[in-house]
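Residues per chain are reported as follows:
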Amino acid sequence: MIRRWLVLLILAVLTAAGPCLAQEKLTLKQSIDLVLQNSQMIAMAGESVTQAQGKIDESNSLYFPQASLSGSYTRISLVSEFTIPFNGVNQTFRFGTPNNYSLRGSLTEQVFNWGRTAKTVEASQAGFRLAEDGLVLTKQMLSYQVVPFFYGIVFFEEAIKVLDDNLKLFDQKRAIMDQRFKAGLVSSFDINFLEVQVQAVKAQRLDFENSIHKFRLALNALAGRDPEAAFQPAAELAQEPVALTDEALLAEALARRLEFQQIQHQLELGRASLDLARTGDKPTLIAAFNYEVRNGFLPEVDKMRGNWSALLSVSYPVFDGFRVKAQVAEAESGLKAVEMKKTDQERMIALEVRSALADLRTIEQKIDIERLKIRQAEDALRIADERYQNGLLSVTDLIEAQNALEGARLNYLQLVYNHNLGRYNLYRACGRTL
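Only a predicted model underlies this, so the values are computations on that prediction, with no experimental measurement involved. (Residues numbered from 1 in each chain as written. Predicted model: local features only at pLDDT ≥ 70, side-chain atom pairs only at ≥ 80, totals over all residues. Heavy atoms only, no water.)

## A few points about the overall build of the chain
And step 1. When helices and strands are tallied, the chain shows nine helices and eight strands.
And step 2. Computed over the C-alpha atoms, the radius of gyration of the chain is 41 Å, more than 25% above the 22 Å expected from 2.2 N^0.38 for a compact globule of 434 residues.
And step 3. Once the C-alpha set of the chain is aligned to its principal axes, its extents read approximately 155 × 75 × 35 Å.
And step 4. Every one of the 434 residues in the chain was classed for burial, and the buried ones make up 34%.
And step 5. Excluding contacts between residues fewer than 6 apart, the proportion of contacts in the chain whose partners are at least 24 apart in sequence is 81%.
And step 6. Carbon together with sulfur atoms contributes 58% to the accessible area of the chain, which is approximately 26,000 Å² in total.
And step 7. If the 49 positive side-chain charges of the chain are averaged to one point and the 52 negative ones to another, these points end up 4 Å apart. (Helix = DSSP H or I, 4+ residues; strand = E, 2+ residues; numbered from the N terminus. Rg over C-alpha atoms; globule rule 2.2 N^0.38 Å. Buried < 20%, exposed > 50% of the residue type's maximum accessible area, 1.4 Å probe, protein only. Contact = heavy atoms within 4.5 Å. Areas by Shrake-Rupley, 256 points an atom, 1.4 Å probe, with all protein chains shown as cover. Lys, Arg positive; Asp, Glu negative; His and termini not counted. Charge placed at Lys NZ, Arg CZ, Asp CG, Glu CD.)

Structure representation (structure tokens):
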């Protein structure tokens, strides 16, 4: 009997602990890794890289000779023939056969095409590097999308702690007010007013819990997990100052930003496309070798015989309706556009870095101000408590002093949260990977 109760007790404890055990702790890096492992966007970007590699292999095939086999059967209804008498017997001679069979093997090689093959391969390689850049940029974009959801959960959990502290203070004041109400020192209006404030804090707490739930849903969606999968961010909401100057950060951005690598690869692709367009009106030298087995050869037209042929041909476009000229002009214009884009990109990145750093400096100053406001609000609440106990302060003024402290603490948490987001925004502007 005792053993049975012991088993039931263990089961009850495990059941009660189930929700707690389900709350796995995830660091920011672990959350990002989950997103990168399960994202469909990354899978699609990876397929683009695979396609670009296939394009390189396709271009390299132009270096090799092209071999082909072909076969045919032809039935002819009318065949030339004549009959002559020979030794008293009519002899019939045919110049063809109604059933014609052919099997041909061909080998063709571009001996010279003015570098067209090399430029095609070069353009394919630049396209592959662009696809790789796109994959890395997709990973970076998704990594930074995790940050506001991850730290948003941390922020609202800390904010709920502030609200809970405020509710505890309201409970203490409610006990004091009940005693004073029985003594006839306060009215029912004061008690109702306090109750309204409590309900307002509880309603705000519900909003914060809903925000946590939505952030969890968003993070699980990014990670490809069950929307209701529970987890606990393993992080603290703390301010981490950025000590570098805008010059050092800008130099880092110019060295790290993948957009610059993309532009460089776009320039390579543009130059290769321009060189390729310029070969459009240049001569091409082709060598070919064919070996064929077929019938139809005189005098034994039904016998299968082998024969070969070799070919060396040169083609030179004389006039193409100015098509190559238009293609060259188009490629030159595209190349100039990419070069201008590089200059514009440098200016935009400098603006991003300086703006992000300015926002951080402003938030840091606001945090210092908010710390002073918290200390002042704590002193004001302490004084208000003493004056209220001595009957020198109304309930309304006491609650306002308590709400002021709550507001200052929440504002401080909001600023620290904004500072974290701003710091990661600066990291993104500098091209850092998470």
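Here the narrative resumes, following the displayed structure.
## A few points about the sheet that holds strand 7 (residues 284-294)
And step 1. One open sheet holds the four strands; their spatial order is 2-5-7-8, and the pairing between them is antiparallel. Edge positions in the sheet fall to strand 2 (66-75) and strand 8 (305-315), since each has one partner strand and no second. Mean inter-strand twist for the sheet, computed between neighbouring axes without regard to direction, equals 20°.
And step 2. Relative to strand 7, strand 5 (residues 99-112) runs antiparallel, the two being bridged by 10 bridges. Paired with Leu-103 across the strands is Val-293, a residue of strand 7. (Pairing = 2+ DSSP bridges. Axes fitted to C-alpha atoms, helices over the stretch in contact; angles between N-to-C directions.)

## What about the pairing of strand 4 (residues 89-94)?
And step 1. Here strand 3 (residues 81-86) runs beside strand 4; their pairing, made up of six bridges, is antiparallel. Opposite Thr-83, over in strand 4, you have Thr-92 as the bridge partner.
And step 2. Hairpin connection of strand 3 to strand 4: two residues between the antiparallel strands, including Asn-87 at a positive phi of 55°.

## What about unusual backbone geometry?
And step 1. Of note, the bond from Leu-298 into Pro-299 is cis; its omega dihedral lies within 30 degrees of zero at 5°.
And step 2. Structurally, Pro-299 can be placed in the loop between strand 7 and strand 8.
And step 3. In this model, Trp-114 sits at a positive phi of 65°, which is unusual for a non-glycine residue.
And step 4. As for its position among the elements, Trp-114 is in the loop between strand 5 and helix 4 (116-182).
And step 5. For Phe-322, which is not glycine, the phi torsion reads 65° and is therefore positive.
And step 6. Note that Phe-322 resides in the loop between strand 8 and helix 8 (323-389).
And step 7. Look at Phe-322 and you get exposed, because its relative accessible area is 57%.

## So, the nonpolar core
And step 1. The biggest cluster of nonpolar side chains holds 63 residues, and the ones touching the most others in it are Leu-28, Val-146, Tyr-151, Phe-208, Leu-237, Tyr-388 and Tyr-424.
And step 2. Listed by contribution, the elements that provide at least two residues to this core are helix 2 (28-38), helix 3 (40-60), helix 4, helix 5 (188-223), helix 8 and helix 9 (395-430).
And step 3. The leading source of residues in this core is helix 4, at 20 residues.
And step 4. In this structure, Leu-237 is in contact with Tyr-151, Val-154, Phe-155, Glu-158, Leu-413, Val-416, Tyr-417 and Asn-420, ignoring residues within four places of it in sequence.
And step 5. Core analysis: the next-biggest nonpolar cluster, separate from the first, contains 12 residues, Val-242, Ala-253, Ala-356 and Ala-429 among them. (Core = buried A, V, L, I, M, F, W, Y, C linked by side-chain atoms within 4.5 Å.)

## Here we look at the packing of helix 4 against helix 5
And step 1. The N-to-C vectors of helix 4 and helix 5 enclose an angle of 165°; their axes lie 9 Å apart at closest approach. It follows that helix 4 is roughly antiparallel to helix 5 by the angle criterion. In the crossing of helix 4 with helix 5, the sense of the turn from one axis to the other is left-handed.
And step 2. Residue composition of the contact of helix 4 with helix 5, by class: 24 nonpolar, seven polar and 11 charged. (Parallel < 35°, antiparallel > 145°, perpendicular 65-115°, else oblique. Left-handed = near helix turned anticlockwise from the far one by under 90°. Nonpolar A, V, L, I, M, F, W, Y, C, P; charged D, E, K, R; others polar.)

## Description of the side chain of Asp-190
And step 1. Mapped onto the fold, Asp-190 is located in helix 5.
And step 2. Setting aside chain neighbours within four positions, we find Asp-190 in contact with Met-177 and Val-395.

## Let's talk about the packing of helix 6 (residues 246-256) against helix 9
And step 1. Interhelical geometry of helix 6 versus helix 9 gives an angle of 50° and a closest axis separation of 7 Å. Between helix 6 and helix 9, the crossing angle belongs to the class labelled oblique. Listed contacts from helix 9 to Leu-249, Glu-252, Ala-253 and Arg-256 of helix 6 are Leu-426, Ala-429 and Cys-430.

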